[in-house]
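This is what each chain is made of:
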Amino acid sequence: RPPSPGFPLPPGPAQGPPPATRPPGPLCKLLCVKMPSVSDLKEAGSCRAPPLLPDLPSGPLRTYRKKASFNWKEMAVFIEDEDLIHFKSRVFTAFEHDPLFARLPGEELSLEKYRELTFLRCKRLFEYDFLRLEDILEKPLKIMVLITCLGMYDWSLGAKYLLNSQVFKGAIESSGSERHEEFLKQNGNMENFGCFALTELSHGSNTKNMRTTARYDPSTQEFVIHSPDFEAAKFWIGNLGKNATHAVVYAQLHTPDGRCHGLHSFVVQVRDPKTLLPMPGVLVGDIGRKLGQNGLDNGFAMFHNVRIPKENLLNQTGDITAEGTYTSAYKDLKQRLGASLGALSSGRVMIIAMSVVNLKLAVSIAIRFSATRHQFGPTDEKEIPVLEYQMQQWRLIPYLAAVYALDYFSKSLFMNFIEFHVGLLMKDKSPRQAELGREIHALSTSGKPLSSWLAQQGAQECREACGGHGYLAMNRLGDIRNDNDPNCTYEGDNNVLLQQTSNYLLSWMSSRRQDKGPMTSPLGSLDYLEGYDHILRQRFTASSVHDCMDASVPLSAYKWLVCYLLRESFQKLRDQEQSGCTEFEARNNSQVYYCRSLAIAFIEHTVLQRYHDYVHGADTPATLQPVLKRLCSLYGLWSLNKHMAVLYQGGFASGEKAGRLVQDAILELCSKVWSQTDPVRC
């Protein structure tokens, strides 16, 4: 029998103790279901620990694997390193040996049963204790690896675990102080279970206009959390539907002098941890079935004058004295709002990784199927695998290249965020820390749209590329597509988020025009813009398909594209303002074909540049460089080809030859990579 979490945390004095006569809730009863203990399972699993990378089984894919020009095990170790491979193996081995994680093919679960199982599995993860503090400090990437392992199993479980152990906990770590350490300790022991409550029924992307209020009462030294009407209900909040006992709630902070100091975050207890019944004044429930991830209980909450201790304000961006005087290190309201919402960057960084996992799964399924599915051939007697058709290669292989490029980008951006997060914990107030935060924000607000859209398009292409069999539920392509769909929306609608990236780039242009000196770029994402004038004078010079197959060709084109769209977007805004438009109208009228395209080109260049530097680096084994360079070039040309109209429109390319060379190079690279597809995919 696993130990029951007990949820011994007493409610805050303002919210009062729960009535002693309340019956135990259904999930609390469920926690006591008899199952093998984790120690028993660990002991059983340790006797069957697999080698680092077992040999692949013999079968119909063997023909393609034998054609590989490289060792697939060397590739796997290079991409993830042995320690992370061991860690993944440990997680999956635990799942394979634990009956709680067993699933039957074609199994249909009721909504309630699915959510109960997801919660029990999430609780089991705490018992396994895969991620200890010393492991995270030694190799922070293990956080991402664990989340991706959970997602490969079931994104409902991955999201539930992530929202509690990373987003809720991370918001308290980054926005709180020493006085909030008890919440973190209780979360680590599963004595509380958290969620992140920002979105409201009537407001999502427009965060600064959230309508939940937190009014300070100096007579009791409490905040009064209140939802003025139904439209101000917190909505879509993951974990809130059934299980969350505490929430990081975003509300407008009002002081006794009648002033509103903008959006701040507070820790609010929403349920009694012993019964899971709502706390007094809290109306909380489940929003119902969704298109996907139905094991995750998304919920709503309304607050009717709910009192919480003054200390529950997460006070990194602002605090209040006992008398009700507001203090903040940020005098500018926009800077304060940005600092308050800093926790969203971590969520977006993780969504990039989540999207990459979905694309990995879809591409693996489709390529393996295509390598074994025989249709037609040079003669009636001999059918060939559909992967050998140029059309199938063109449909699938570029997404394989995108997986490799985006996988490296997501890992490197995660490590950039860890650096920034450490700075927050160390109270680093340096200019570099501030600029690092701005740059990560710009990369995450464009990286999430790029990765989630590519995964969505790729999953659909893979579904169609598998023909009728792709429509079967057992192959998971439908689930992958549906579970990826919310990545395009939560933590910010993709099209809205891209505006934040373009605003970041336009601020560089404004600084340049006003001779304020170059904007610092701690991660180097803007460094090439110092050659802005020189870049705009460059033209497409490749003269052969062979020339185009060097990744430097799409890189140069992307640098020109970003500079051109930056110039055109800046000019479009000025023209709008000079014609009498307000700033709001000017920005609204400059998104399509201008600022939106600018943000997309910027992030595609960043992903390509990082991957190019990685595969051409001294640490990349010579035996792996040929295939990795081809993947890099293919991703660059395939992505660039979507912008050919603008390249011609702006004068970078002219005549038929440039466009034809790019297209022919894409097909040539698909052909060169396709025979390596299964070894590369592994």
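Structure report, in brief.

Calculation criteria
- Residues numbered from 1 in each chain as written.
- Predicted model: local features only at pLDDT ≥ 70, side-chain atom pairs only at ≥ 80, totals over all residues.
- Heavy atoms only, no water.
- Pairing = 2+ DSSP bridges.
- Helix = DSSP H or I, 4+ residues; strand = E, 2+ residues; numbered from the N terminus.
- Axes fitted to C-alpha atoms, helices over the stretch in contact; angles between N-to-C directions.
- Buried < 20%, exposed > 50% of the residue type's maximum accessible area, 1.4 Å probe, protein only.
- Parallel < 35°, antiparallel > 145°, perpendicular 65-115°, else oblique.
- Contact = heavy atoms within 4.5 Å.
- Nonpolar A, V, L, I, M, F, W, Y, C, P; charged D, E, K, R; others polar.
- Core = buried A, V, L, I, M, F, W, Y, C linked by side-chain atoms within 4.5 Å.
- Expected span 1.5 Å × (residues − 1).

### Examining the sheet that holds strand β8 (residues 298-303)
- Spatially, three strands are ordered β4-β8-β7 in an open sheet, and the strand pairing comes out antiparallel. Two strands in the sheet have a free side with no partner beyond their single neighbour: β4 (234-238) and β7 (282-286). The mean angle between the axes of side-by-side strands here comes to 30°, regardless of whether they run parallel or antiparallel.

### Examining unusual backbone geometry
- Look at Asp 81: it is not a glycine, yet its phi comes out positive at around 70°.
- With respect to the secondary-structure elements, Asp 81 resides in helix α4 (residues 72-97).
- Overall, the relative accessible area of 27% leaves Asp 81 in the partly exposed class.
- With a phi close to 55°, Asp 129 is a non-glycine residue in the positive phi region.
- Tracing the backbone through its elements, the reader meets Asp 129 in the loop between α5 (111-128) and α6 (133-138).

### Focus on the packing of helix α13 (residues 431-465) against helix α20 (residues 591-615)
- Between α13 and α20, whose axes approach to 9 Å, the crossing angle comes to 85°. What the angle tells us is that α13 and α20 run roughly perpendicular. Counting all contacts with α13, which are made through Leu 443, Ser 446, Gly 447, Leu 450 and Trp 453, the residues of α20 involved are Arg 596, Ala 599, Ile 600, Phe 602, Ile 603, Glu 604, Thr 606, Val 607 and Arg 610.
- Its residues assigned to classes, the contact of α13 with α20 shows eight nonpolar, three polar and three charged.

### Considering the nonpolar core
- In terms of nonpolar packing, the biggest core is built from 165 residues, with Phe 130, Phe 540 and Leu 628 touching the most fellow members.
- Here the element with the most residues in this core is helix α12 (residues 390-425); it accounts for 16 residues.
- The contacts of Leu 628, once residues within four sequence positions are left out, are Met 75, Phe 78, Tyr 404, Tyr 611, Val 615 and Thr 620.

### Observations regarding helix α7 (residues 141-153)
- Here α7 contains 13 residues, and its C-alpha end-to-end distance of 19 Å stays within 8% of the 18 Å for a straight helix at 1.5 Å per residue.
- The buried count for α7 comes to 12 of 13 residues, which makes it a mostly enclosed element.
- Within α7 the residues assigned to the buried category are Leu 141, Lys 142, Ile 143, Met 144, Val 145, Leu 146, Ile 147, Thr 148, Cys 149, Leu 150, Gly 151 and Tyr 153.

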